[in-house]
Amino acid sequence: MIDIRPNTPRIRVLIADDQSLVRRGLSLILSPEPSFEIVGEAEDGAQAVALARRLRPDVVVMDIRMPVLDGVGATEELSATVPGCRVLALSTFDMDEYVVGALRAGACGFLPKDSSPEDLSAAIRTVHAGEAVVAPRLLTRLISTYVRAPHGGSQPLPTDLGELTPREVEVWRLMATGLDNAEIAHALDISVSTVKNYITSIFGKLDVRDRTQAVIAAYESGLVTAHAAAGNPRGDANTA
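Attention here is on the structure that accompanies the text. Just so we're clear, the structure is a prediction, and the values are computed from it rather than from any experiment.

**Looking at the overall build of the protein chain**
- Counting its regular elements, the protein chain contains 11 helices and 7 strands.
- Residue burial in the protein chain is summarised as follows: out of 240 residues, 48% are buried.
- Taken as a whole, the protein chain presents about 11400 Å² of accessible surface, with 52% of it coming from carbon and sulfur.

If you want it as structure tokens, here you go:
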């Protein structure tokens, strides 16, 4: 049982999906949790944007494939007009090119729709806390398929990444292969707090918002490849 303090504000959640049964199912999963408040449901991306502007939810659980305005377009509009609202994208298919588009548009992470209720709840809390969440079984397959280094091969790091120190590049590489902060700390024999400091510096120098965008940048730069990332045996969700 989750212990919620009386004065702790609940996380306001907006559900956006074009299927009424899915919206209902997500609402039934999340509503019993005392830390969540379902503030609205949208059946397409345009409605999701309109409701978010009016209701100001903390998190929008956003389906990628929707009519009128898809989840990518809706996420981009929310990032521009409701910056305090964070988007968790959902996808029916493991290989969905629109998910990368959603991450670039400002989504804070993504999960497959067959994720467990526990994973969904944890993901909402994670993105609400300002971190990114990614299902690793999707991460390497999705990014390695849809995010390519220039000309389809590994390329030297762009000159604008020259500010990164060698240690920051190594932390970035390990992060991009799916290791969490504790595993990076173990691999480099440094403290977790030092890893967090490196990651904060990396985000600033790469001009990215979170861990997911940093992983995409690592693939696009050629710093890591699908083969390298596939060597990570972890199966749980990665958080920044």
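**Considering the environment of Gln213**
- Within the secondary structure layout, Gln213 lies in helix H10 (residues 211-221).
- Dropping the residues within four chain positions of it, Gln213 is found in contact with Leu103, Arg104 and Val208.

**A closer look at the packing of helix H1 (residues 20-30) against helix H5 (residues 117-128)**
- Following both chains from N to C, one finds H1 and H5 inclined at 80°, their axes separated by 10 Å at the closest point. Here H1 is positioned roughly perpendicular relative to H5, judged by the angle of their axes. In this structure, H1 uses Leu26, Ile29 and Leu30 to contact H5, whose residues at the interface are Pro117, Leu120, Ser121 and Ile124.
- A breakdown of the residues in the contact of H1 with H5 according to their chemical character gives 6 nonpolar, 1 polar and no charged.

**A look at helix H3 (residues 71-81)**
- Here H3 has its buried residues at Gly71, Val72, Gly73, Ala74, Thr75 and Leu78.
- Between a side-chain oxygen at the N-terminus of H3 and the backbone nitrogen of Val72 the separation is 3.1 Å; the capping residue is Asp70.

**Quick word on the pattern of salt bridges**
- Tallied over the entire structure, the rule returns 9 salt bridges.
- Among the ionic pairs, Glu170 bridges to Arg173, the shortest N-O distance being 2.5 Å. With Glu170 and Arg173 both in helix H7 (residues 166-176) and 3 residues apart, the pair spans about one turn of that helix.
- A relative accessible area of 29% places Arg173 in the partly exposed class.

**Regarding the pairing of strand E1 (residues 11-16)**
- Within E1, 5 of the 6 residues are buried, which leaves the element mostly enclosed by the surrounding structure.
- Both E1 and strand E2 (residues 36-42) contribute to a ladder of 6 bridges, which runs parallel. Bridge pairing links Ala16 to Ala42 in E2.
- This β-α-β element, E1 to H1 to E2, shows right-handed connectivity.

**Some remarks on the packing of H7 against helix H9 (residues 192-206)**
- It is the contact of H7 with H9, at a shortest axis distance of 10 Å, that shows an interaxial angle of 95°. Taken together, the axis directions place H7 and H9 in an arrangement best described as roughly perpendicular. Residues Arg167, Glu168, Val171, Trp172 and Met175 of H7 pack against Tyr198, Ile199, Ser201, Ile202, Phe203, Lys205 and Leu206 of H9.

Quick notes on the rules
- Residues numbered from 1 in each chain as written.
- Predicted model: local features only at pLDDT ≥ 70, side-chain atom pairs only at ≥ 80, totals over all residues.
- Heavy atoms only, no water.
- Helix = DSSP H or I, 4+ residues; strand = E, 2+ residues; numbered from the N terminus.
- Buried < 20%, exposed > 50% of the residue type's maximum accessible area, 1.4 Å probe, protein only.
- Areas by Shrake-Rupley, 256 points an atom, 1.4 Å probe, with all protein chains shown as cover.
- Contact = heavy atoms within 4.5 Å.
- Axes fitted to C-alpha atoms, helices over the stretch in contact; angles between N-to-C directions.
- Parallel < 35°, antiparallel > 145°, perpendicular 65-115°, else oblique.
- Nonpolar A, V, L, I, M, F, W, Y, C, P; charged D, E, K, R; others polar.
- Polar contact = N/O pair within 3.5 Å; in protein donor to acceptor, adjacent residues only side chain to side chain.
- Salt bridge = Lys/Arg side-chain N within 4 Å of Asp/Glu carboxyl O.
- Pairing = 2+ DSSP bridges.
- Right-handed = clockwise from strand over helix to strand, strands pointing away.

Worth remembering: the numbers are spatial, not functional.
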